[in-house]
Structure formats: C-alpha cells, structure tokens
Amino acid sequence: MASKQNEKKLNSWLKFSSTRNFYPLADKMIPWFMGLAIVLTLIGLYMTFFVVPPDYQQGNSYRIMYIHVPAAWMSMLIYLLMALYAGIYFVLNVKLADMMAGGLAITGAIFTVIALWTGSMWGKPTWGTWWVWDARLTSELLLLFLYLGYISLRAAIDDPNRAAKASGLLALVGVVNVPIIYFSVTWWNTLHQGASITTNKTSMATEMFITLLVMVFAFWMYTIAIVLMRVRNEIIERERDTSWLVEELGKEK
Amino acid sequence: MFSVINLMVRRDILLAVRRPQDVMTSLFFFIIVVSLFPLGVSPEMEVLRSIGPGVIWVAALLATMLSLGRLFSDDYQDGTLEQLILSPQPLALVVLSKVAAHWLLTGLPLVILTPLLGLLLGLNGDEIQILTLTLLLGTPVLILIGSIGAALTLGVRGGGVLISLLILPLFVPVLIFGTGAVSSMNAGLGVEAHFSLLGAFLVLSLLLTPWASAAALKISME
Amino acid sequence: MNWENPSEFFAMGGHGLYIWASFGLLALLILIEVVVVKKRRKDLIHRLKRLTKARAKMVEKE
C-alpha cells in the first residue's frame, strides 16, 4: 500500500515536473537550434549554388537533390521518432512525450510534401515526367496519408488526454504497417515492371557529400527548433492554470 | 471462450436480421460502384477485363469502409459497449466476435457477389475464381484493420470521413496482393506467393488487431 | 564559381523554373510554419495574461 502511494507520488511528480522543468529548458534551447539551422542553411545554400559544379548529365536541375534527399529522409525519420515518442508516452505516461509526438507530426507532413514536390520538380527535367508510380514516390505519398490521418485524428478529439492516447495508438499501428506497406509497394512495382527511377550511382564527390550533409544537419536543427517551439505552445495551453507558468512568463518580459 | 464468441456473433446477426437495411446498403453500394466503371471508363470488354480485379477490389474496400462506422457505434449509443468493457470477458475476444459477425454480414456477401460482378466486367472463369478467393482471404483483414479505426473514431465528430483517412493507407498491402494475384496468374507466374502473403496478413491481423482495437475502445470510452 | 552574372544564376541553365519552384516552396512552407507557431505563442500568452488579471481582480474583490 505504502509503495503504491509512493509510486503514485513519483508518477505525479514526474508528470508535474517534466513540463515544468522542460519549459525554461526549451526557452533556452530554441534560439540556439534556430540559429544553427539558419547558419547551416546559409552555408548549405551557398554550397548548393556556388560550390558544387553542375552534373554532367542532368545539368543544374540535380541541385534540387540537396533539399529533396534531406526532406525525404526527415519525413521518414520523423515518423519513426513520432512513434517512438508515442511508445514512451504509453510506457512512462509522460505528457511531454505526447507533446513531442504531436509537434513532430506537422513538420513531418511538411517535409513529406516537400519531398514529393521537389521529386516532381526534379523528375520533369531529368526523366521527362512530373510523376511516376515508382516504389519510392508511391510510399512517400502513402506516408503523407499516414501523417494526415494522425494529424486529423488529433485535431478531431478535444480532450487532450484522449487525443494523446488515441493518436499514440494510431502512430504505433502505423509504424508497424510502414514496413509492410513499403514491402508491398516495392513488390507491386516490380510486378508491373512499370516506372522505376534509377539514379546513376556514380561515386559522390566529396564536396557534394559535404553539401548534402550540411543540408541534412540544417533540416535536423530546424526540426528540433520548431518542434520545441510547438511543445512550448502546447505547455502554455495545457498548464495555463498553474502558477509556475505565470511566473515563468513574467521572467521573460 | 468459444461460447462467448458464439453468443456474441449470434446476437449481432439477430440484430442485423431485424434491421436488414444496414447490411443491404453497403452491398448495393458495392454493386453500384462497380457498375459505374463501364459507364465512366469504357464499355469495351478488353479494357474492363484488364481493370476488373482492381475495380472490384477498390469497390469492396470502399464498401467495407462505409460499413465500418457501424461496427461499434450501435453498441456505443445504447450503452451495451460500456457493459461489455466491464464484463469479465477479455475485450479483445469481444472485438473478435464483433468483427466475425460483421464479416459474416457485410464481408461474406461481397465475396458471394464477386463472381457475378466479375462476369459483368468480362473476367474469365479462372480469373473470377482467383479473385473471389483473394476477397475471401482479404475482406476479414480489412475489417480487422478497420476495427482499430472504428474504435478510435468512436464518438468523434466527423468520424465517418476521419475513419477513411486513418484506415485507407493501411489497406494498401491487402489491395496490392489481392489484385496482384489475378495479374500474376495472367502473366503465367504462380499465385501461391500472393495467397500465402494474404494468409499471413490474415493470421497476423487476427492475432494483433483485436488487442489494438480493445485498447482503442478503452481509450474512447474513458 | 558557377555563374558569370546574376541572370545566368537565375536561369540555372534552363532549369530555373524547376529549381526555384522547389526551393521556393520549401522556403514558403517553412516561413508559414514559423509564423503560425510564433503567432500562436503570442495569442496564448496574451490570453493567459488576461486570465491572470481577471483572477487577480477576483481575489481583490473577495
């Protein structure tokens, strides 16, 4: 009995303290990550347009790769991360983990849109078509649908507790299905022997690799910054009845 | 365990028999969607034959989705669901029985009608046979996966449209292997792989989705 | 250096439309995202301040 009470105390402390301790921490971290994101983006853009030479086959259009590839990577990683936070939420029952998952979803969906759009813009001059139903593009489109489902479910439920649990469960179900969907789409694509895009796998020059790396880091920093900003908003909204938040906001001004 | 399932399935079927229009609507929907394609695409039998399996599968997908909203909602509205959650039976078992009844009422009729619609779209005997078998294996998977969406959107505003957004992307593998079997047979490749994969999907979803749906129901009823 | 003059830079060897459409949408979406999140924070803080004031008044009255 006593241990159960202690556990309860610990749990409530964990819940209470995490958002409370996290808020000022997020406040301090956001400018750093945003600053890094801006600096890295500027370096990355400079390298994309002024350092790396045009491709001998594709000309300049391949410069789109430097945002297409990071966006596509981020779109997939963010989904995994979202499911991971949903899992943490269920195991530890920490509200903050749910806020992170919710904050990640919209950014993930945006990167998915960017990946699809830039893929299309890259495909037209290079392969002569805006869209092909190849395995990668099709899976990316389905990933967008998964994000939209998650975001819509979250938005449709008013009670934050129920929204957290329902959307968390959906994220976990989704992440189990992602490999199955990817596998089946690849199978479907090879069966129909339809369009498949093969990028010529010439060894990437060092400067190209570095440019891509800088862009990937820029996208990461931006993601962290914007997610923290969204979590910060979420904390203000959910903890508006607590006195520490008022004090915290008083300190800022 | 089986007596519980038996009882639950019988109850749901009895309720549906008393109000058959619910079951009929999704069946009519299935037929109408399929018969729109000759009008919308082309009445040429060759064209229809090539898109036939896909058309029937997509129509079955949509018909299933249309009926999924009612999987738990009647029990939710009259308070039965609350009783079921409080009852000593594991909730996953209750979900499984409800899914079984739902499949008998809405999935099986689709499968039975498929040969008829296949004839309308100019499929030959072998194609119809394969297609019907894929639907027999695939429709339970659709309802099992769909039960998670139905449980999550219970009592949520705009639930009907929302459920399609949640569930349709998850239906993709079933759709691919369902329609793939027919084109694989026509290409002279075997259909065993497709059937084993559909079978694997069925077994996996039988084992996993009732638990997920039960968890979702508990979340929705809190 | 890849470009002789600005117009060559903007033309991107004939692929300008595709490249600027790609980078443009990325910039636009991120701009919108940041503005929306910042505005939401401003609104939330504003609302919270009004709430705090209202509470203080209630306490005073009592």
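Our structure is the block above this text.
Rules of the game
- Residues numbered from 1 in each chain as written.
- Chains lettered and ligands numbered in written order.
- Predicted model: local features only at pLDDT ≥ 70, side-chain atom pairs only at ≥ 80, totals over all residues.
- Heavy atoms only, no water.
- Helix = DSSP H or I, 4+ residues; strand = E, 2+ residues; numbered from the N terminus.
- Rg over C-alpha atoms; globule rule 2.2 N^0.38 Å.
- Buried < 20%, exposed > 50% of the residue type's maximum accessible area, 1.4 Å probe, protein only.
- Areas by Shrake-Rupley, 256 points an atom, 1.4 Å probe, with all protein chains shown as cover.
- Salt bridge = Lys/Arg side-chain N within 4 Å of Asp/Glu carboxyl O.
- Contact = heavy atoms within 4.5 Å.
- Buried area = accessible area lost by both parts, 1.4 Å probe.
- Polar contact = N/O pair within 3.5 Å; in protein donor to acceptor, adjacent residues only side chain to side chain.
- Nonpolar A, V, L, I, M, F, W, Y, C, P; charged D, E, K, R; others polar.
- Core = buried A, V, L, I, M, F, W, Y, C linked by side-chain atoms within 4.5 Å.

Chemist: How would you summarise the overall build of chain C if you had to cite specific residues and measurements?
Modeler: Summing up its helical and strand segments, chain C has two helices and zero strands in all. Against the compact-globule benchmark of 11 Å for 62 residues, chain C has a radius of gyration of 24 Å, which places it well outside the compact range. Along the first, second and third principal axes, the C-alpha set of chain C runs to 75 × 20 × 15 Å. The proportion of buried residues among the 62 residues of chain C is 29%. In the structure as shown, chain C presents an accessible area of about 4,600 Å², 66% of it carried by carbon and sulfur atoms.

Chemist: How would you explain the pattern of salt bridges if you had to name every residue and give the values?
Modeler: The full count for this structure, using the stated rule, is 14 salt bridges over all chains. Asp-12 of chain B is paired through a salt bridge with Lys-98 of chain B; the nearest N and O atoms lie 2.8 Å apart. Here the residue Asp-12 of chain B occupies a position in helix α1 (residues 2-18), and Lys-98 of chain B occupies one in helix α6 (residues 91-120), the gap between them amounting to 86 residues. Summarising the burial analysis for this pair, Asp-12 of chain B and Lys-98 of chain B share the class buried. One salt bridge in this structure joins Lys-98 of chain B and Asp-75 of chain B, with 2.5 Å as the shortest N-O distance. Note that Lys-98 of chain B is positioned in helix α6 and Asp-75 of chain B in helix α4 (residues 70-77), a separation of 23 residues in sequence. Accessibility assignment for this pair places Lys-98 of chain B and Asp-75 of chain B in one class, buried. Within the structure, one salt-bridge network assembled from shared partners comprises Asp-98, Arg-154, Glu-234 and Arg-238 of chain A.

Chemist: Lay out the interface of chain A and chain B in plain terms, naming residues and giving numbers.
Modeler: The extent of an interface is frequently quoted as the accessible surface area lost upon association of the parts. In this complex, chain A contributes 26 residues to the contact, which on the side of chain B involves 29 residues. Both faces combined, the contact of chain A with chain B buries some 2,400 Å², and carbon together with sulfur accounts for 78% of it. At the junction of chain A and chain B, the tally comes to one salt bridge. A salt bridge links Arg-157 of chain B to Asp-158 of chain A; its shortest N-O distance comes to 2.5 Å. Inspection of the region where chain A meets chain B yields six residue pairs in polar contact (both at pLDDT 80 or more). Looking at the side of chain A that touches chain B, the elements with two or more residues in it are α4 (135-156) and α5 (160-191) of chain A.

Chemist: Requested: an account of unusual backbone geometry, with residues and values cited.
Modeler: Glycine aside, a negative phi is what most residues show, and trans is what most peptide bonds show. All names here are of chain A. With a phi close to 55 degrees, Asn-93 is a non-glycine residue in the positive phi region. Secondary-structure assignment places Asn-93 in the loop between α2 (65-92) and α3 (95-127). Judged by relative accessible area, Asn-93 falls into the partly exposed class, the value being 35%.

Chemist: Explain the side chain of Ser-205 of chain B to me, using residue names and the numbers behind them.
Modeler: All names here are of chain B. Note that Ser-205 resides in helix α9 (residues 192-221). Assessed through its relative accessible area of 5%, Ser-205 is described here as buried. Side-chain polar atoms of Ser-205 contact the backbone oxygen of Phe-201, separated by 2.7 Å. Once you skip the residues sitting within four places of it in the chain, Ser-205 turns out to touch Val-141, Leu-144 and Pro-210.

Chemist: So what about the interface of chain A and chain C? Which residues, and what values?
Modeler: Across the boundary between the two partners, chain A contributes 44 residues, which contact 31 residues of chain C. Three residues, Phe-49, Phe-50 and Asn-233 of chain A, lead the burial of chain A against chain C; their summed loss comes to 18% of the area buried on that side. Our count for the contact surface shared by chain A and chain C stands at three salt bridges. Among the salt bridges present, the one from Glu-237 of chain A reaches Arg-47 of chain C, with a minimum N-O distance of 4.0 Å. Secondary-structure elements contributing two or more residues to the side of chain A that touches chain C are α1 (2-51), α3, α6 (206-238) and α7 (243-252) of chain A. Looking at the side of chain A that touches chain C residue by residue, the class counts come to 27 nonpolar, seven polar and ten charged.

Chemist: I'd like a description of the arrangement of the chains, backed by residues and values.
Modeler: Of all two pairs of chains that touch, the greatest number of contacts is found between chains A and C. Looking at chain B next to chain C, you find no contact at all, with the nearest C-alpha pair sitting 23 Å apart.

Chemist: Please provide a residue-by-residue account of the nonpolar core, values included.
Modeler: Grouped together as the largest cluster of nonpolar side chains are 159 residues, with contacts concentrated most on Met-82 of chain A together with Phe-30 and Ile-56 of chain B. Apart from the residues lying within four places of it in its own chain, the contact partners of Phe-30 of chain B are Ile-56, Ala-59, Ala-60, Ala-63, Leu-110, Leu-113, Thr-114 and Leu-117 of chain B. If you look at the next biggest cluster of nonpolar residues, it comprises five residues, including Leu-116, Val-132, Leu-137 and Leu-144 of chain A.

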